[in-house]
Amino acid sequence: DAGVIQSPRHEVTEMGQEVTLRCKPISGHDYLFWYRQTMMRGLELLIYFNNNVPIDDSGMPEDRFSAKMPNASFSTLKIQPSEPRDSAVYFCASSFILAGLGDTQYFGPGTRLTVL
Amino acid sequence: SQKIEQNSEALNIQEGKTATLTCNYTNYSPAYLQWYRQDPGRGPVFLLLIRENEKEKRKERLKVTFDTTLKQSLFHITASQPADSATYLCALDNTDKLIFGTGTRLQVFP
């Protein structure tokens, strides 16, 4: 398996623009997670899906952020409109089962987002 | 409040020595604790998982301990090598989620 795939790897945009980040999880994994990593706050969970259904979006910072998972092999994280404080590295991860049951997560390479 | 703390300062050690990284947590009761390695420009990679009823876990040059009374995990790399230089993150389960520490950067110099 190629692992978790994310695109783009780098995104530079201007404030107010819409940004869409994409993720393909590992085949067979039922859980998909979106994280954001910054120097100040570390790695934060934004939202996670189980079998394509959003389970917990309590980490999504604002209504400007939205995530979808239309099928088992694809998910998007959208920011509209983007702001400079959204600049961070966004990671997608997947797993068979949940951390609370002892599973580990497999991370993609991340998307480095810069909002000017 | 709930916290996971790792040394924010970088740990610099000489090749061949044992590196010891600390992870302390408060107001969590994890069933599992995990350690990940993160290289610059890459996503975290899983290294080891230890259960609450396990005191110690080993994998090659890596050793993890888990003390639920002290609410602390120690991560050891023996015979460290420059290739071990990276940021190491601890993570614990909070029911259905993994909560990550901010990581400790390890630098092993020849």
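Look up a bit, the structure's there.
Here's a quick rundown of the structure. Just so you know, the residues in each chain are numbered from 1, in the order the chain's sequence is written. Just so you know, chain letters begin at A and ligand numbers begin at 1, following the order they were written in. For this predicted model, a pLDDT threshold of at least 70 governs which residues receive local features, and a threshold of 80 or more governs which side-chain atom pairs are given and counted, while totals over whole chains, interfaces and linings are taken from all residues. Only hydrogens and water are set aside when side-chain values are computed; all heavy atoms of the structure are taken into account.

Comments concerning the pattern of salt bridges
By salt bridge we mean one thing: a side-chain nitrogen of Lys or Arg within 4 Å of a carboxyl oxygen of Asp or Glu. Counted by the stated rule, this structure contains 15 salt bridges over all chains. A salt bridge links Arg61 of chain B to Asp84 of chain B; its shortest N-O distance comes to 2.9 Å. Taken as a pair, Arg61 of chain B in the loop between β6 (56-59) and β7 (62-67) and Asp84 of chain B in the loop between β8 (72-77) and β9 (86-94) lie far apart in primary sequence, 23 residues in all. Exposure remark for Arg61 of chain B: the relative accessible area of 26% places this residue in the partly exposed category. Between buried and exposed lies partly exposed: a residue is buried under 20% and exposed over 50% of the maximum accessible area for its type, with that area taken using a 1.4 Å probe on protein chains only. Asp84 of chain B sits in the buried class, given a relative accessible area of 7%. In the salt-bridge network here, residues are joined through shared partners; they are Glu62, Arg64, Glu83, Arg85 and Asp86 of chain A. A run of DSSP states H or I qualifies as a helix once it reaches four residues; a run of E qualifies as a strand once it reaches two. Both are numbered from the N-terminal end.

A short note on the environment of Asn12 of chain B
Residues and elements named next belong to chain B. Positionally, Asn12 belongs in strand β2 (residues 11-14). Linking Asn12 and Leu106, residues 94 residues apart in sequence, is a C-alpha distance of 6.1 Å. By definition, residues are in contact when any of their heavy atoms lie within 4.5 Å. Each residue touching Asn12, except ones within four places of it in the same chain, is listed here: Gln107 and Phe109.

Thoughts on the packing of aromatic side chains
A pair of aromatic rings is counted whenever rings of Phe, Tyr or Trp (Trp by its six-membered ring) have centres within 6.5 Å, and the orientation is called stacked for planes under 30 degrees apart, edge-to-face for over 60 and tilted otherwise. Under the criterion given, the structure shown has 13 aromatic pairs over all chains. Centroid distance Phe107 of chain A to Tyr36 of chain B: 6.0 Å. Interplanar angle 80°. Geometry classified as edge-to-face. In this pair, Phe107 of chain A sits in strand β10 (residues 106-107) while Tyr36 of chain B sits in strand β4 (residues 32-38), so the two residues belong to two different chains. By relative accessible area, which is 11% here, Phe107 of chain A ends up buried.

Thoughts on the pairing of β4 of chain B
All names here are of chain B. Among the seven residues in β4, seven count as buried, and that is most of the element. Neither face of β4 is open: one carries Tyr32, Gln34, Tyr36 and Gln38, the other Leu33, Trp35 and Arg37, and all of them are buried. Taken together, the six bridges between β4 and strand β5 (residues 45-51) define a ladder with antiparallel strand orientation. If you follow Trp35 over to β5, its bridge partner there is Leu48. Counting the residues in the hairpin turn of β4 and β5 gives six residues, including Gly41, whose phi is positive at 75°. DSSP calls a pair of strands paired once it identifies at least 2 bridges connecting them. As defined by bridge partners, β4 adjoins β9 across six bridges and the pair is classed as antiparallel. In the strand pairing of β9, Tyr36 is matched with Leu89.

Regarding the interface of chain A and chain B
Of the residues lining the interface, 21 residues belong to chain A; the matching set on chain B comes to 17 residues. Put simply, buried area is the surface a 1.4 Å probe can reach on two separate parts but cannot reach once they are joined, added for both. Interface of chain A and chain B: buried area, both sides summed, is about 1500 Å²; carbon and sulfur atoms make up 57% of it. Counting across the chain A and chain B interface gives one salt bridge. Linking Lys97 of chain B and Asp56 of chain A is a salt bridge whose minimum nitrogen-to-oxygen distance equals 2.7 Å. Here a polar contact is taken to be a pair of N or O atoms separated by no more than 3.5 Å, where protein atoms must pair a possible hydrogen donor with a possible acceptor and residues adjacent in sequence count only if both atoms sit in side chains. Remark: the boundary between chain A and chain B carries seven residue pairs in polar contact (both at pLDDT 80 or more). Ranked by residue count, the leading element in the side of chain A that touches chain B is strand β5 (residues 42-50) of chain A, at four residues. Residues that form the side of chain A that touches chain B fall into these classes: ten nonpolar, eight polar and three charged. Polar here means any residue outside two lists: the nonpolar Ala, Val, Leu, Ile, Met, Phe, Trp, Tyr, Cys and Pro, and the charged Asp, Glu, Lys and Arg; Gly therefore counts as polar.

Regarding the sheet that holds strand β7 (residues 65-71) of chain A
All names here are of chain A. One open sheet holds the four strands; their spatial order is β1-β3-β8-β7, and the pairing between them is antiparallel. Only two strands of the sheet have a single neighbouring strand rather than two, namely β1 (5-7) and β7. Across this sheet, the average inter-strand angle for adjacent strands is 15°, counted without regard to direction. With five bridges connecting them, β7 and strand β8 (residues 74-79) associate as antiparallel partners. When the sheet's bridge partners are listed, Ser66 is paired in β8 with Lys78. Between the N-to-C directions of two axes lies an angle of 0 to 180 degrees, each axis being a line fitted to C-alpha atoms and, for a helix, fitted only over the stretch in contact.

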